[in-house]
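Topology and contacts: notes
Here are the chains, one letter per residue:
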Amino acid sequence: MRTLEQVLADGIRDIPDYPQQGVVFKDITPLLADHSGFAQVVDALAAFGRDDDGNPVVDKVVGIEARGFILAAPVALALGAGFVPVRKKGKLPGATYEESYALEYGEATIEVHQDAFTPGDRVLVIDDVLATGGTVEACLRLIRRCEAEVVDTAVLLELSFLPGRKRLAGEQLRALLTV
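Just so it is clear, the model here is predicted, and its values are computed rather than measured. (Residues numbered from 1 in each chain as written. Predicted model: local features only at pLDDT ≥ 70, side-chain atom pairs only at ≥ 80, totals over all residues. Heavy atoms only, no water.)

Some words on the overall build of the chain
Helix and strand counts for the chain stand at six helices and nine strands. Dimensions of the chain, computed from C-alpha atoms along their principal axes, come out at roughly 45 × 40 × 30 Å. Evaluated residue by residue, the chain yields a buried proportion of 43% over its 179 residues. Long-range pairs, those at least 24 residues apart, make up 57% of the contacts in the chain with a sequence separation of at least 6. Accessible surface, the chain as shown: approximately 9,100 Å² in total, 51% of it carbon and sulfur. (Helix = DSSP H or I, 4+ residues; strand = E, 2+ residues; numbered from the N terminus. Buried < 20%, exposed > 50% of the residue type's maximum accessible area, 1.4 Å probe, protein only. Contact = heavy atoms within 4.5 Å. Areas by Shrake-Rupley, 256 points an atom, 1.4 Å probe, with all protein chains shown as cover.)

What to know about the side chain of Gln40
Here Gln40 is to be found in helix H3 (residues 35-46). Every residue in contact with Gln40, bar those within four places of it in the chain, is listed here: Met1, Arg2, Thr3, Leu4 and Val7.

Regarding the packing of aromatic side chains
Under the counting rule described, the total for this entry stands at two aromatic pairs. Here the aromatic rings of Tyr18 and Phe25 are separated by 5.2 Å at their centres, their planes lie at 85°, and the arrangement is edge-to-face. Owing to a relative accessible area of 45%, Tyr18 belongs among the partly exposed residues under this scheme. Considering the side-chain rings of Phe69 and Phe83, the 6.1 Å spacing of their centres and the 85° angle between planes classify their relative orientation as edge-to-face. Placement of the pair is Phe69 in helix H4 (residues 67-79) and Phe83 in strand E4 (residues 82-88), with a sequence separation of 14 residues. (Phe/Tyr/Trp six-rings, centres within 6.5 Å; stacked < 30°, edge-to-face > 60°.)

Thoughts on the environment of Gly134
Checked against the element boundaries, Gly134 lands in helix H5 (residues 134-145). The sequence separation of Gly134 and Ala102 amounts to 32 residues, and the corresponding C-alpha distance is 6.8 Å.

Digging into H4
An α-helical turn contains 3.6 residues, so any two residues separated by three or four positions project in the same direction. Between its terminal C-alpha atoms H4 stretches 19 Å, which fits the 18 Å expected from 13 residues at 1.5 Å a residue. Here H4 has its buried residues at Gly68, Leu71, Ala72, Val75, Ala76 and Leu79. One face of H4 carries all of its buried residues, which in axial projection span an arc of 130°. Looking at the packing, one finds that the buried side of H4 touches H3, strand E3 (60-64), E4, strand E7 (122-130) and strand E8 (149-158). Of the residues one or two after H4, Gly80 is the one with positive phi, at around 65°. (Expected span 1.5 Å × (residues − 1). Arc of directions from axis to C-beta.)

Re the sheet that holds strand E5 (residues 96-103)
Pairing in this open sheet of seven strands is mixed, and the strands run E5-E6-E4-E3-E7-E8-E9 from one edge to the other. Sheet topology places E5 and strand E9 (173-178) at the edges, where each strand pairs with a single neighbour. Going from strand to strand, the sheet's axes swing by 20° on average, the running direction of each strand aside. (Pairing = 2+ DSSP bridges. Axes fitted to C-alpha atoms, helices over the stretch in contact; angles between N-to-C directions.)

In C-alpha cells:
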C-alpha cells in the first residue's frame, strides 16, 4: 500500500501558466481518478473530525466551492455528518449570509444558507488548497455568524510560500501536504 505522501505526490500535478501566465496550478484530477488514493485522502481528512478513539466529533462538514465540495462530501459521509456547501455569491437558492474578502485583483463574496447550521453545531471545514487564506477566513466568519463552532480546518494542500497560515494564525489548521 502506498503512503499518503506517495498518493499525494502521484496524484497532484503542476500545470504551468494556468489560469494565467506565471501561475503554477495544482491539478488534483489525477488524485480524484485514483480510487484507492482518493479513499486514502478522504480517510486522512476525516481523521480531523474524530477524537483519539476514532469517534466523530463534528455535526457538519463544510466544503468550499468548488473543489472543496469534492473532498468534503465524502468526508461528511465517512463521519456520519451533514454536508454544507459554501458557495460563490448568487449560487444558493435560499436566504443566505454572505462574506466578502479581498483577492489579488478585486473582491469576491461567498455565501451559506442561513439555516445550514443549528447553533452549537460542531464544524469541520475542508478545502483543496490554502493559498492566501482569504476564502477560508471568510468561510470561518460565515460559520461563526451562524453560531456554529469551528472544530478544525483541513486542506489537501498548503502553499507555504503564500501567507494563508499567517492570515489564519490562532485557528486550528491542518494540511495533508505542504509545499
